[in-house]
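# Topology and contacts: notes
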Amino acid sequence: MAKVRKPTRASSSHAKSASHSRAKLQKKKNLPAAHPHQRGGVELVDPRVQAQLKIYDEALALFRQQKFARAKQELEKVVEGPSKELADRARMHVKIAEQRMKPLHDQNPRTADEHYQRGVAMMNVGRWDDARESLDKARRAAPKADHIHYALAALDCLTGEADSAMANLKVAIQLKSENRYHARNDEDFAFLQEDPRFTELLYPEKDGTAG
């Protein structure tokens, strides 16, 4: 009769080690998957979502500048994107943009701020004559309001009126020096980028004539 072979100390130790390894592997399998990187509850793994988020950020920048028509166009692209969270947020901003634009077309503005808001809305949809009429009324009602002079300067650039743009922008900066820095990064003033007067006005520190 064949003898039963007893397990040696080495084989017993090997079996325990293998059992321990299997247990560790099983634990790893049961660990929850790592959460994908998020921003504000929106997952950013999918490159399409990243692109959608980029458009959303650009649209919000336009929205904050009160360029509602252009913001609405970009937001509508976001609505078509893959992230439902971003699409829902964009949809909400589209409604707000429409509300900000529509009443300004129909209402009868009376105060300087109402004329200003209507003028900006008209600029956003390319109605230059209507924009100028409203902004001129706003300036007459509030001649010391820097943002009105700034908006008129932007309108002058959009309509190719360099001299008037420089005059209005200079007044806006005199009333509030921060407008100098806003104008440096405002694409509405692209028309003046090659004008040396524009450079002198926005970068006075280069020749020591600040103010």
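Refer to the preceding data block for the structure.
Note that the structure is predicted; figures quoted are calculated from it, not measured.

Each value, and the rule that gives it
Residues numbered from 1 in each chain as written. Predicted model: local features only at pLDDT ≥ 70, side-chain atom pairs only at ≥ 80, totals over all residues. Heavy atoms only, no water. Helix = DSSP H or I, 4+ residues; strand = E, 2+ residues; numbered from the N terminus. Buried < 20%, exposed > 50% of the residue type's maximum accessible area, 1.4 Å probe, protein only. Polar contact = N/O pair within 3.5 Å; in protein donor to acceptor, adjacent residues only side chain to side chain. Contact = heavy atoms within 4.5 Å. Core = buried A, V, L, I, M, F, W, Y, C linked by side-chain atoms within 4.5 Å. Salt bridge = Lys/Arg side-chain N within 4 Å of Asp/Glu carboxyl O.

### Side note on the side chain of D188
Its place among the elements puts D188 in the loop between helix 9 (178-184) and helix 10 (196-202). Of the residues examined, D188 reaches a relative accessible area of 12% and is grouped as buried. Here the side chain of D188 touches K67 through a polar contact of 3.4 Å, side chain to side chain. Excluding anything up to four places from it in sequence, D188 contacts K67, R70, A154, C157 and L158.

### Quick look at the nonpolar core
Counting residues in each nonpolar core, the largest one holds 29 residues, and the members touching the most others are Y116, L135, L169, F189, L192 and F198. Secondary structure elements with two or more residues in this core: helix 5 (112-124), helix 6 (128-141), helix 7 (146-158), helix 8 (162-175) and helix 10. Residue contributions to this core peak at eight residues, all from helix 7. In contact with F198, not counting residues within four places along its chain, are M166, L169, A183, F189, L192 and Q193. Listed in part, the 10 residues of the second largest apolar core include V49, Y56, L75 and L86.

### Details of the pattern of salt bridges
Evaluated as defined, the whole model comprises 15 salt bridges. A salt bridge links E187 to R70, with the shortest nitrogen-to-oxygen separation between them at 2.1 Å. Taken as a pair, E187 in the loop between helix 9 and helix 10 and R70 in helix 3 (residues 68-79) lie far apart in primary sequence, 117 residues in all. Note on R70: relative accessible area 30%, which makes it partly exposed. Residues D130 and R127 are paired through a salt bridge, measuring 2.8 Å at the closest nitrogen-oxygen approach.

### Brief notes about the environment of A97
The residue A97 is located in helix 4 (residues 84-106) in this model. Through-space distance from the C-alpha of A97 to that of F63 is 7.6 Å; in sequence the pair is 34 residues apart. Apart from residues no more than four positions distant in its own chain, A97 is found in contact with F63, F68 and K72.

### Things to note about the side chain of E74
With respect to the secondary-structure elements, E74 resides in helix 3. Residue contacts for E74: discarding those within four places in its chain leaves I55, A59 and L62.

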